[in-house]
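Commentary on secondary and tertiary structure
One letter stands for each residue in the lines below.
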Amino acid sequence: MLWRKELDNEPGTLASALEPLATVGADLQLVMLYRFPGLEKGAIEIHPVSGRKATRVAQSSGLAASSGTVLLVEGDNRAGLGYTFAKALGDADINVSFLMTQVVGRKYAAVLGFENDADATKAATLLKRAAAPTRKRK
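Notes on the structure follow. (Residues numbered from 1 in each chain as written. Predicted model: local features only at pLDDT ≥ 70, side-chain atom pairs only at ≥ 80, totals over all residues. Heavy atoms only, no water.)

1. Examining the overall build of the chain
- Along its length, the chain carries four helices and seven strands.
- Walking the chain from its N terminus toward its C terminus, one meets helices and strands in the order β-α-β-β-α-β-β-α-β-β-α.
- Once the C-alpha set of the chain is aligned to its principal axes, its extents read approximately 60 × 30 × 30 Å.
- Here the chain holds 138 residues, and the buried ones make up 32% of them. (Helix = DSSP H or I, 4+ residues; strand = E, 2+ residues; numbered from the N terminus. Buried < 20%, exposed > 50% of the residue type's maximum accessible area, 1.4 Å probe, protein only.)

2. Points about the pairing of strand β6 (residues 98-104)
- Counting buried residues in β6 gives zero out of seven residues, a small share hidden from the surface.
- Of the strand pairs in this sheet, β6 and strand β7 (residues 107-114) are connected by seven bridges, and their pairing is antiparallel. Bridge pairing in β7 links Leu99 to Leu112.
- In this structure, the hairpin formed by β6 and β7 is closed by a connection of two residues, where Gly105 is found at a positive phi of approximately 65°. (Pairing = 2+ DSSP bridges.)

3. A word on the sheet that holds strand β5 (residues 69-76)
- Reading across from one edge, β5-β7-β6 is the order of the three strands in this open sheet, with antiparallel pairing throughout. Of all strands in the sheet, those with a lone pairing partner are β5 and β6, marking the two edges. For this sheet the average axis-to-axis angle between neighbouring strands, irrespective of direction, equals 10°. (Axes fitted to C-alpha atoms, helices over the stretch in contact; angles between N-to-C directions.)

As structure tokens, this is what we get:
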């Protein structure tokens, strides 16, 4: 589940949004911050928020849980893997609500959002299969 809060687009708002979570030891794997075009407002989105303390702090800080499901996928990168993932999900008629991916060195991390748990569960199986190393023929 992705947690979101709208905020003013000015220096210090990111730190202010993250401070309460840091004080309770929340271990965030995703932090997105963006400005709304043409406005002095933006939003922060984070994942995961787990445990009673972190959930309570997130809620009291104005963060709200979204209705979708988030899936974190990590592994060894290879050329064309993003397309392979997209094709597998599209062929299975699974809609992706959002995608954020990054490659560092030889590893990738992708965070995908889905409309429901069933799609995320199905996607996890498909992506695991798609990420499996291809065997070279001799």
